[in-house]
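Residue-level listing of the chains:
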Amino acid sequence: MRILVHAGVCLAVAGACAGSAAIAAPSPVVTAEMHGVPPDRAVQVLVAQSEIKSNINPSNIAVATGGGLLGGLMAASQNASRTKKAEALTEPVREALIDFDVDSLAQNTTRAAFAQVPWLQNATVAFSKDSSPVGKSGALDTIGASQVAFVEYSYDFSVDFAELRVVAKVEFADKAMPAAATKPEGRVNRKNLAYAQAITTIVSLPVPTDDKATNVSLWSADGASLARAALTTAFAKMEQLLPRTLALTTEDIAAMAAKTNKKGNVGGFAGRTQESPGTGETLLWGPGFVWYRDRP
Amino acid sequence: MLMTAAGIAAAAPAIAAPQPAQLTPTFKDRDHPNGASGKTPACSIRFTEIVDGRRSPEVMGVIDRRAIYAPKDFQAWMEAVLGGLAARGVTARLEPDAAAAPDIPSARLTLQIASIQSTVVTYSGSVVVKLQTEGGAGAPLDRSYRGRVARTAYWSGGTDTLQSAIDGAFADALNDMAVDLKALCAA
């Protein structure tokens, strides 16, 4: 049963974590040696969604009731109810954003960002809606480059609809099959990636309220002018943070993650506070940059 | 033991990547399982053009690492969906030639969005269909209809559930479309 399978996998992972040796993770930095290797690196921009997503606070009934079939069914039912309400709330904004082309914005942002990175300036930039492992594996074969830098974007509202968030996952995958992989999709498994980082940009309503419906009406008013501005701002900041992320060194990350930096939390994302970019702005290191602005 | 998301992902056992789900160009109407029950509604609308206006015609979404491919035969798919109007009191005639039925209101249908996404174990299907009409009673239509439905994948997140999600979204849109289309047929 799908819900219990999910719970079972989570418990198995926790068990494996408790006693296992460290498992190789992709590099969080692009070293100087990686800049020109391989020389034929390509880029693929991925945006799987067609419209802005909503969010819910997942039910914890299953945990509260000690798990089991009944708890799982109750949790699924509660999640379904919350999802229906969230989807209904999101509709006016989606309606007003029907002609706003986020796919093109994502591609233009990535091109402009990578134009600032000397070792990526000549990379061809492709686009796909298929961010699945099978899709990425297929891209590795069809694009033909020795390595593909996947830049996968997602955008959604926070649970209370006070913030609009954009997340970019940057992952470098090699076309060659890793020694231990048995299927082509293994090339995009996290443990086989050459590099991985994530960047989050968050824009808040200027005056958010405690009422979700009110927040949605603010985003959707005047042809969704605030939502359009927020998306534009979020992607514009992404254009700045992408090259900055790719230029990070191990020392940079250690300095940003140092416990001497205060903890912060913005838009549901936690991290260590970095220098303030400007009035009304907050920058955290999560890991991964998390940038927040209090208005579009 | 606290772990970062990256640490948990790295420690996860290797799970085979799910293969894409391919949806079919069909329409199963849960609201009207018996269709029009053999009756042909008197109100007829002639669809002169069915346009694919989607930015993403191949992929409808990615759920649980699995891509959902849209039906390959777009025309057949839309014809199946428009067949659902019969149970709602409207006969959809697919006749591009205006001379074939000059007295019947005509319509141009554009599919703008057809997508499926998931939130925990709930699948949400969404469609946006634009309708532009000429002729008939009252002012011509030039508006979009949005349909959405949620399906909970308790037992299976298989292709049937995904197909049901998009069928339900279309059914939702057809309900509103039929109301406006029947008004065109009003004497």
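For the structure itself, consult the block above.
Residues numbered from 1 in each chain as written. Chains lettered and ligands numbered in written order. Predicted model: local features only at pLDDT ≥ 70, side-chain atom pairs only at ≥ 80, totals over all residues.

1. So, the overall build of chain B
- From N to C terminus, chain B includes three helices and eight strands.
- Across chain B, helices and strands are ordered from the amino to the carboxyl terminus as α-β-β-β-β-α-β-β-β-β-α.
- Out of the 187 residues belonging to chain B, those deemed buried represent 44%.
- Considering only contacts within chain B whose residues lie at least 6 apart along the sequence, 75% involve residues at least 24 apart. (Helix = DSSP H or I, 4+ residues; strand = E, 2+ residues; numbered from the N terminus. Buried ≥ 20, exposed ≤ 12 C-beta atoms within 10 Å, placed from the backbone. Contact = placed C-beta atoms within 7 Å.)

2. Quick look at the sheet that holds strand E6 (residues 263-266) of chain A
All names here are of chain A.
- An order of E2-E1-E3-E4-E5-E9-E8-E7-E6 is seen for the nine strands of this open sheet, with the pairing classed as mixed. Strand pairing shows two members of the sheet lacking a second neighbour, strand E2 (125-128) and E6, which therefore form its edges. Taking the axes of each pair of neighbouring strands and ignoring which way they run, one obtains an average angle of 30° across the sheet.
- Of the pairings in the sheet, the one linking strand E8 (residues 281-285) to strand E9 (residues 289-293) comprises five bridges and is antiparallel in character. Looking at E9, one finds that Leu 283 is bridged to Trp 291.
- This element, helix H5 (residues 102-114), spans strand E1 (41-47), E2 and strand E3 (147-157) of the sheet and lies at about 150° to E1. (Pairing = 2+ DSSP bridges. Axes fitted to C-alpha atoms, helices over the stretch in contact; angles between N-to-C directions.)

3. With respect to the environment of B:Arg30
- Along the chain, B:Arg30 turns up in the loop between strand E1 (21-22) and strand E2 (44-52).
- C-alpha separation for the pair B:Arg30 and B:Phe74, spaced 44 residues apart in sequence, amounts to 21 Å.

4. Some points on the pairing of strand E3 (residues 59-63) of chain B
All names here are of chain B.
- Most of E3 sits inside the fold, with five of its five residues counted as buried.
- Here E3 pairs with strand E4 (residues 66-69) via four bridges, running antiparallel. Opposite Gly 61, over in E4, you have Ile 68 as the bridge partner.
- In textbook terms, the turn of a hairpin is the stretch between consecutive antiparallel strands, and for E3 and E4 this stretch comprises two residues, one of which, Asp 64, has a positive phi near 50°.

5. Here's the deal with the pairing of strand E5 (residues 195-204) of chain A
Residues and elements named next belong to chain A.
- Most of E5 is tucked away, with nine of its 10 residues classed as buried.
- When E5 meets E9, the two strands line up parallel, connected through five bridges. Looking at E9, one finds that Thr 201 is bridged to Trp 291.

6. Quick look at the packing of H5(A) against helix H7 (residues 212-246) of chain A
Residues and elements named next belong to chain A.
- It is the contact of H5 with H7, at a shortest axis distance of 8 Å, that shows an interaxial angle of 25°. Looking at the two axes, H5 sits roughly parallel to H7. In this structure, H5 meets H7 at a crossing whose hand is right-handed. Along the contact surface, H5 presents Val 102, Leu 105, Ala 106, Thr 109, Ala 112 and Ala 113, while H7 presents Leu 231, Phe 235, Met 238, Glu 239, Leu 242 and Pro 243.
- Residues belonging to the contact of H5 with H7 are distributed by class as follows: 10 nonpolar, one polar and one charged. (Parallel < 35°, antiparallel > 145°, perpendicular 65-115°, else oblique. Left-handed = near helix turned anticlockwise from the far one by under 90°. Nonpolar A, V, L, I, M, F, W, Y, C, P; charged D, E, K, R; others polar.)

7. Observations concerning H5(A)
Residues and elements named next belong to chain A.
- Given a rise of 1.5 Å per residue, 13 residues ought to cover 18 Å, and the 18 Å separating the end C-alpha atoms of H5 matches this to within 8%.
- Those residues of H5 lying buried are Val 102, Leu 105, Ala 106, Thr 109, Thr 110, Ala 113 and Phe 114. Seen end-on, H5 carries its buried residues on one side only, within an arc spanning 150°.
- Looking at the buried positions of H5, the neighbouring elements they touch are E1, E2, E3 and H7. (Expected span 1.5 Å × (residues − 1). Arc of directions from axis to C-beta.)

8. Description of the environment of B:Gly135
Residues and elements named next belong to chain B.
- As for its placement among the helices and strands, Gly 135 is situated in the loop between strand E7 (122-134) and strand E8 (142-152).
- Residue classification places Gly 135 among the partly exposed positions, given that 15 C-beta atoms sit within 10 Å.
- As a C-alpha pair, Gly 135 and Ile 104 span 31 residues in sequence and 7.2 Å in three-dimensional space.
- Ignoring anything within four residues of it in the chain, the contact list for Gly 135 reads Pro 105 and Ser 106.

Distances and angles like these do not, on their own, reveal function.
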